Amino acid sequence: MQGSEKTGAMTKKHEVYYMANKTVKEHGVEVMEEILNGYNDATKKDRKKKLEVVTAEEEKSCIVANRKIRPGVMSMRGCAYAGAKGVVFGPIKDMIHISHGPVGCGQYSWAARRNFANGIPGIDNYVTMQITSDFQEKDIVFGGDKKLTKLIQEADQLFPLNKGVSILSECPIGLIGDDIEAVARATAKEIDKPVIPCRCEGFRGVSQSLGHHIANDSLRDWIYEAEVQGVEIEDSPYNIALIGDYNIGGDAWSSRKILEAMGLKVVSQSTGDSTVSEIANLTKAKVVLIHCYRSMNYISRYVEEKFGIPWVEFNFFGPTQIVKSMRKIAALFDETIQKKTEELIEKEYMPAFQKIVDKYKPRLEGKQCMLFVGGLRPRHTIPAFRDLGVEVTITGYEFAHNDDYARTLEYVENTTFMVDDMNEYEMEKLLETFKPDLVGSGIKEKYSTQKSGIPFRQMHSWDYSGPYHGVDGFAVFARDMDMAVNGAVWKKLTPPWK
Amino acid sequence: MSEHTKDHVTLFDGKEYQEMFEDKKKYENVETDEKIKETLEWTKTQEYRDLNFAREELTINPLKACQPLGGLFAAIGFEETMPFVHGSQGCASYFRSHFMRHFREPFPTSCDAMTEDAAVFGGHNAMYLGLQNTYELYKPKMITMVTSCMSEVIGDDMNSFVKNAKEQGFIPNDLPVTFAHTPSFVGSHVVGYDNTMMHILQQMGQKRDHKTDRINVIMGFDTYIANFEEIKRIFKLFGAEMNLISDPSETLNSPTDGHYKMYRGGTPLDDLRDAPNSKATLLLQKYSTIKTVEFIEKEWGHPVKVVNPYGIEGSDDLMMAISELTGKPVPAELELERGQLIDAIADSYYWIHGKTCGINGDPDFAYGLSRFVTEMGAEPVHVLVTNGSKEWESDTRTMLDKSEFGKAAQLWPGKDMWHYRSLLFTEPVDFIIGNSYGKYLERDTGIALVRIGFPLQDRHHLHRYPTIGYKGGVQMLTWIVNRVLDDVDKKTMYTTSYDILR
């Protein structure tokens, strides 16, 4: 679709703009100006680089991303600790993840991300636990290294089946100059397991994103460079690694199911439902498949450089991308895999997809959606929404980098408002102006959106549903979006006497 | 439309997935089933309990959050007030998410998003811009600032920062900006509530010569939104005027009507300013208001009463305190309500009397609940409060010793939910009362969980019911007895005891 088309435009009020002889893009730019005019000069100058109206013709995005938050605008971002503990380390199930510092960070992120993992909680699976050094004033004054050493010993005694420990620094650690690396080295020897320090203090960087990077680097230095060994596995040309899948609501499992049905062997899955052994065995894969590029591309680049293992991005959201990704992956292997893949697509998946699309597309066709999530999901789910007839007209990322916006353009088919690091003020303005039929974003955005009468789905936690990946996941995704848009309650907002 | 889609609730039970999980084990380096079973059983023993209680530095599944969270809760209850975090952005986002998962309501909080440069040069520039943008974009009538541990560790001087922000024109001179130091490495969220409330009163209160006929009421870190309505109703029945200081009952219970409003209700700022001139102050929590009470007693010099308004005795204390402070008799309507609570307990207590229980949660709540269960003849065996102080322990001990049902109770201040797990395996009880995190213990031990407390993230709308006063008593009794009966049903489902009459 183009900037001058007449339907499926960004606004419900498009008729008005045609009467005024404006294209959708022109209107979008006007709205953008209006939003920016609400800021003082300095903030306007900053935010101007984060807003853009793009059409399908755009070849590059002008958004300058991954920059500091403007103070006081009420950003939706989290911190490096959230990226390192909440995203990368937290889901590794057989490690003890220590939130090192005061109690809060670990408390608020306690089991809040729905990284499903098999195993008995507290026995051989520690994902849903909040393990912390609970810093007190004396620790700030005298340092926490001794405390850390002691508590790692205590943790190893209480949880003898653990296969390693991670130390996730909170803000004070970096400020008081503790040497967590020295503690890690000493305690690792003592307990004879990997102890991985991660300097992910919340003040580092500008968002969760640096936390992903730091966590990736910690894995690089303390797993791969330290030559931590995984279990022996049988060599096979079909051995692959699945990374950047955090198993939210079981996502990694519904993805794994497809890969294994294609004839591949997922010898390493991370970090959702992952183990130290699987992470170490990443180097035994013939190919690394990466789902969340933003949070784990650092590892895949490192493994490629160091071990010569190629990596490919793929997307298991929705029929179009699942089929495309399956073929892309199969092309890396021999004819057996390719044949199996084609058979699967034709005999099993296409009929399954068709059933889902037949059921839900008529109920969703023509709806417009605003999608504002972390660093990957907007572009990954735009095609899945499109498979159901839903157009994403406003989008952006909490913590993406410039290359993520470039990658997003590939998926843009209609005039789209893009915003980086959206804040509450901008969101309110956008919702008010464009009144989308559905918003997909996070918990902080959910309730204000619903109050303004717009259906909402949390697209970080799948709103306590899921999985959304794979064939099984698409059925859930479609059901949930239908449930949101066509919820009976949305027709009852206005009382009969008004 | 009727055909069910399989989601995570049932999808993974399927044979295909189960086989996949089994196959995945060969890559996981998972222990043998025997070893896992053996370890699981060991964690249930007295030996493990001893090891667990011997730990000195490790904290596992604590029941406390950090100071700024409590501070924000105090802040959100004032007229058009924007809570503000001086520190890292991540903290503000965590606080907001935590509250929103509990209340299922928007919880605005601004932040000056300090980063590494602020760690080196101080957070003043971030604060200036933060205040300016917050004021311009969200037009608050007041900004209430708390600190995260970053700004505490680098030692920012909030007083001069706020002063400079005004002098240098980032915000108007007459915009009230209160600030409190709320270091995360001291105390817990209830202390943060206290610090913030005290500083709001100190920085906003305007003492005059005249006294009003009002009673200030401060609820403490009370997340039961209906309690704010309940206390208003009780005062109305007394025919007494109150000044409810921090009242989030509108903003955290707002309608979905197509129009989101960031600010709703709250204590009018003029009433806040006038608070020192009320004739007395009544506080409904003790451990979240220690400094606040000290301040009011010293600076405002009017009578101060602190009550714990749960259960029969607690509600009696509340009524008598109001009566004493206002000079008005307890109205007949409230006496009727008292009778209704007694009536409800008389109807139900046979299912509760003699049962043992565990209670965990914030100190005031745990104190009140453990007294309430003894009023129904239940015996609290464990009362576990991660953020419980020595004072809390001695107060609770004294109170429980007065009841034949409370004498055997063991108090566990400073302990966490992993300690609790050991306690429940070695000294089991019939039911436990606490917040959502208790569900892990319910799963591990099979002991029924009654959800009362904060946060409640896995059940809906419980915070919309009152827990204080006689009506609150009936509500809590209902939750407790029906959970106990659900448990009886579950246990007797395939026996002759599966009665329709309970």
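Residues numbered from 1 in each chain as written. Chains lettered and ligands numbered in written order. Predicted model: local features only at pLDDT ≥ 70, side-chain atom pairs only at ≥ 80, totals over all residues. Heavy atoms only, no water.

**Some details on the overall build of chain A**
Next up, step 1: Within chain A, the regular secondary structure consists of 20 helices and 14 strands.
Next up, step 2: Radius of gyration (C-alpha) of chain A: 23 Å, near the 23 Å computed for a compact globule of 498 residues.
Next up, step 3: C-alpha atoms of chain A, sized along the principal axes, occupy 75 × 60 × 45 Å.
Next up, step 4: When the 498 residues of chain A are sorted by exposure, 68% land in the buried category.
Next up, step 5: Sequence-distant contacts in chain A: of pairs separated by 6 or more residues, those separated by 24 or more amount to 71%. (Helix = DSSP H or I, 4+ residues; strand = E, 2+ residues; numbered from the N terminus. Rg over C-alpha atoms; globule rule 2.2 N^0.38 Å. Buried < 20%, exposed > 50% of the residue type's maximum accessible area, 1.4 Å probe, protein only. Contact = heavy atoms within 4.5 Å.)

**A word on the layout of surface pockets**
Sizing a probe to match a water molecule and rolling it over the atoms shows the empty space that remains.
Next up, step 1: Here the second largest pocket defines a volume of roughly 710 Å³.
Next up, step 2: Contributing to the lining of the second largest pocket are 30 residues, with D134 and Q136 of chain A together with K64, T386 and G414 of chain B lying nearest its centre.
Next up, step 3: Grouping the constituent residues of the lining of the second largest pocket by class yields seven nonpolar, twelve polar and eleven charged. (1 Å grid on protein atoms, 1.4 Å probe; cavity = no way out; pocket = protein on both sides within 12 Å on 5 of 7 lines; lining within 4 Å. Points joined across faces, edges and corners; volume = space filled by probe spheres on them. Nonpolar A, V, L, I, M, F, W, Y, C, P; charged D, E, K, R; others polar.)

**Structural notes on the pattern of salt bridges**
All names here are of chain A.
Next up, step 1: The full count for this structure, using the stated rule, is 81 salt bridges over all chains.
Next up, step 2: One salt bridge in this structure joins R407 and E313, with 2.8 Å as the shortest N-O distance. Remark: E313 occurs in strand β9 (residues 311-313) and R407 occurs in helix α17 (residues 402-409); sequence separation between them is 94 residues.
Next up, step 3: By sharing partners, the salt bridges in this structure join R294, E313, R379, D403, D404 and R407 into a single network. (Salt bridge = Lys/Arg side-chain N within 4 Å of Asp/Glu carboxyl O.)

**Overview of the interface of chain B and chain A**
Next up, step 1: Each side of the interface is counted separately: chain B has 98 residues, and chain A has 112 residues.
Next up, step 2: Of the roughly 9,000 Å² buried where chain B meets chain A, counting both sides, 62% is carbon and sulfur surface.
Next up, step 3: The interface formed by chain B and chain A contains 13 salt bridges.
Next up, step 4: Along the contact surface separating chain B from chain A lie 43 residue pairs in polar contact (both at pLDDT 80 or more).
Next up, step 5: Per element, the largest residue contribution to the side of chain B that touches chain A is ten residues, and it comes from helix α5 (residues 89-103) of chain B.
Next up, step 6: By residue class, the composition of the side of chain B that touches chain A is 47 nonpolar, 26 polar and 25 charged.
Next up, step 7: Across two bridges, strand β3 (residues 131-132) of chain A lies against strand β1 (residues 59-60) of chain B in antiparallel orientation. Paired with T132 of chain A across the two strands is T59 of chain B, which belongs to β1 of chain B. (Buried area = accessible area lost by both parts, 1.4 Å probe. Polar contact = N/O pair within 3.5 Å; in protein donor to acceptor, adjacent residues only side chain to side chain. Pairing = 2+ DSSP bridges.)

**Notes on the pairing of strand β8 (residues 280-283) of chain B**
All names here are of chain B.
Next up, step 1: Side chains A280 and L282 project from β8 onto one buried face, and the interleaved T281 and L283 project onto a second face that is buried too.
Next up, step 2: In this sheet, β8 lies alongside strand β6 (residues 215-218) in parallel orientation, the contact comprising four bridges. Looking across to β8, one finds that I215 is bridged to A280.
Next up, step 3: Relative to strand β9 (residues 304-306), β8 is paired through three bridges, and the arrangement is parallel. Bridge assignment links L283 to a residue of β9, and that residue is V306.
Next up, step 4: Assessed by its sense of winding, the connection that carries the chain from β8 through helix α13 (residues 290-300) to β9 is right-handed. (Right-handed = clockwise from strand over helix to strand, strands pointing away.)

**Details of a nonpolar patch on the surface**
All names here are of chain B.
Next up, step 1: A grouping of M493, Y494 and Y498 is seen on the molecular surface, where their side chains present a nonpolar patch of about 390 Å² in accessible area.
Next up, step 2: Summarising the element assignment, M493 is placed in the segment after α20 (469-492).
Next up, step 3: Of the residues examined, M493 reaches a relative accessible area of 35% and is grouped as partly exposed. (Patch = residues over 30% accessible without salt bridge, like charges linked within 9 Å, V, L, I, M, F, W, Y side chains within 5 Å. Areas by Shrake-Rupley, 256 points an atom, 1.4 Å probe, with all protein chains shown as cover.)

**Re the domain arrangement of chain A**
All names here are of chain A.
Next up, step 1: For chain A, the assigned domains are domain 1 (1-73 + 365-460), domain 2 (80-224) and domain 3 (239-341).
Next up, step 2: Computed from C-alpha atoms alone, the centre-to-centre distance between domain 1 and domain 2 is 36 Å.
Next up, step 3: Opposite the seven residues of domain 1 that make contact, domain 2 presents five residues.
Next up, step 4: Both sides of the domain 1 and domain 2 interface together cover about 520 Å² of buried area, and 54% of this is carbon and sulfur.
Next up, step 5: When residues of domain 1 are sorted by the area they lose upon contact with domain 2, N66, E398 and F399 head the list and together hold 60% of the total.
Next up, step 6: Where domain 1 touches domain 2, the interface holds zero salt bridges. (Domains from an automatic or database assignment.)

**Things to note about helix α2 (residues 24-37) of chain A**
Next up, step 1: Counted at 1.5 Å a residue, the expected span for α2 of chain A with its 14 residues is 20 Å, and the 20 Å between its end C-alpha atoms agrees.
Next up, step 2: Of all the residues in α2 of chain A, the buried ones are V24, H27, G28, V31, M32, I35 and L36 of chain A. (Expected span 1.5 Å × (residues − 1).)

**Focus: the packing of helix α10 (residues 208-224) of chain A against helix α13 (residues 293-307) of chain A**
All names here are of chain A.
Next up, step 1: Contact geometry for α10 and α13: axes closest at 7 Å, N-to-C directions at 35 degrees. Here α10 runs over α13; the crossing is right-handed. Between α10, through S209, H212, H213, N216, L219, R220 and Y224, and α13, the contact on the second element is made entirely by R294, S295, M296, N297, Y298, I299, Y302 and F307.
Next up, step 2: The class makeup of the residues in the contact of α10 with α13 is seven nonpolar, six polar and two charged. (Axes fitted to C-alpha atoms, helices over the stretch in contact; angles between N-to-C directions. Left-handed = near helix turned anticlockwise from the far one by under 90°.)

**As for the nonpolar core**
Next up, step 1: Of all hydrophobic cores here, the largest spans 240 residues; its most connected members are L282 and I480 of chain B.
Next up, step 2: Listed in part, the 32 residues of the second largest apolar core include M370, V439 and F456 of chain A together with L137 of chain B. (Core = buried A, V, L, I, M, F, W, Y, C linked by side-chain atoms within 4.5 Å.)

**Remarks on the environment of L137 of chain B**
Next up, step 1: Along the polypeptide, L137 of chain B turns up in helix α7 (residues 124-138).
Next up, step 2: Overall, the relative accessible area of 10% leaves L137 of chain B in the buried class.
Next up, step 3: Not counting chain neighbours up to four residues away, the residues in contact with L137 of chain B comprise G38, Y39, V73 and Y425 of chain A.

**Some thoughts on the packing of aromatic side chains**
All names here are of chain A.
Next up, step 1: Summed over all chains, the structure comprises 42 aromatic pairs over all chains.
Next up, step 2: Where Y397 meets Y405, the ring centres are 5.1 Å apart and the plane angle is 85 degrees; that geometry is what we call edge-to-face. As far as the burial class goes, Y397 and Y405 line up, both buried.
Next up, step 3: Among the aromatic residues, ring-to-ring pairing joins F317, Y349, F353, F385, W462, Y468, F474 and F477 into one connected group. (Phe/Tyr/Trp six-rings, centres within 6.5 Å; stacked < 30°, edge-to-face > 60°.)

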